[in-house]
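Chain by chain, the residues:
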Amino acid sequence: NDGSMSLMYDSDGMFTDHVITIGVNANGDFEKAKSIYCMIEEVKDKKEKFYDLLKQSLTASLILFILDRTDKNISKSTSNDKRLYDIIEYINANIASPDLSIKNIASKFYLSRNYLSLLFKNNMGITLNAYIRKIRLSNAAMQLTATDKKVIEISADSGFNSVATLQREFKKEYGISPSDMRQK
């Protein structure tokens, strides 16, 4: 284990034959980066709609992880970049909490709700609520296909207040119910 890994990835978010070698230090960072990369490899050829967001999320996580451990000035060069970086890290760490909301995130980062919403939309190209919803739905879809957990458990693990909310949002996003997804 030499502390490096190769990724086949281009600037459009697509996997290619171009290889980029990334060095990470040996104190467990390599294993974490490798783990994220393996998750990307697992889903890269999946065609279902929810896998697209998962691929983007995993790729963003890997990029943020690498940037955080290489040149701090690249990923956190301005206060807005650092704030956004911290906000995304907070969302990812707390996605299962049904209390995750614009109000609570704004309060945590001492921002107004309007400023937080604009900051997120202008930099991410998606509203904060839509991002949280899509991450939760993607998480639920992955659990439905990869585990035998009951839908009520998956609903709670994904941050939905109720099974009914998960079912409604899931049907709206993917066009099928969670139980139909499991049967696929």
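1. Examining unusual backbone geometry
Within the chain, Tyr110 stands out as a residue other than glycine whose phi angle is a positive 55°. The residue Tyr110 is located in the loop between helix H5 (102–108) and helix H6 (113–124) in this model. A residue is classified by how much of its surface remains accessible, and Tyr110, at 77% relative accessible area, is exposed.

2. Some points on the packing of aromatic side chains
Scanning the model with the defined rule gives 3 aromatic pairs in all. Ring plane angle 85° and centroid distance 5.7 Å describe the contact between Tyr90 and Phe109, whose orientation is recorded as edge-to-face. Of this pair, Tyr90 sits in helix H4 (residues 79–94) while Phe109 sits in the loop between H5 and H6, placing them 19 residues apart in sequence.

3. Some thoughts on the confidence of the model for the protein chain
Mean pLDDT for the protein chain: 75, with 67% of residues reaching 70 or above. For the protein chain, per-element mean pLDDT is lowest for strand S2 (residues 19–23), which scores 38, and highest for H5, which scores 96. The model gives residues 1–26 a pLDDT under 50, and that stretch makes 48 contacts with residues more than four places away or in other chains. The model gives residues 71–77 a pLDDT under 50, and that stretch makes 10 contacts with residues more than four places away or in other chains.

4. Overview of the pattern of salt bridges
A full pass over the atoms with the stated rule returns 7 salt bridges. Its salt-bridge partner being Lys134, residue Glu173 comes within 3.0 Å of it at the nearest N-O pair. Here Glu173 is found in helix H9 (residues 163–174), whereas its partner Lys134 is found in helix H7 (residues 128–146), with 39 residues between them in sequence. On the basis of relative accessible area, Glu173 is assigned to the buried category, the value being 13%.

5. Describing H7
Between its terminal C-alpha atoms H7 stretches 27 Å, which fits the 27 Å expected from 19 residues at 1.5 Å a residue. Buried within H7 are the following residues: Leu128, Tyr131, Ile132, Ile135, Arg136, Leu137, Ser138, Ala140, Ala141, Gln143 and Leu144.

How each quantity is defined
Residues numbered from 1 in each chain as written. Predicted model: local features only at pLDDT ≥ 70, side-chain atom pairs only at ≥ 80, totals over all residues. Heavy atoms only, no water. Helix = DSSP H or I, 4+ residues; strand = E, 2+ residues; numbered from the N terminus. Buried < 20%, exposed > 50% of the residue type's maximum accessible area, 1.4 Å probe, protein only. Phe/Tyr/Trp six-rings, centres within 6.5 Å; stacked < 30°, edge-to-face > 60°. pLDDT = per-residue confidence, 0-100. Contact = heavy atoms within 4.5 Å. Salt bridge = Lys/Arg side-chain N within 4 Å of Asp/Glu carboxyl O. Expected span 1.5 Å × (residues − 1).

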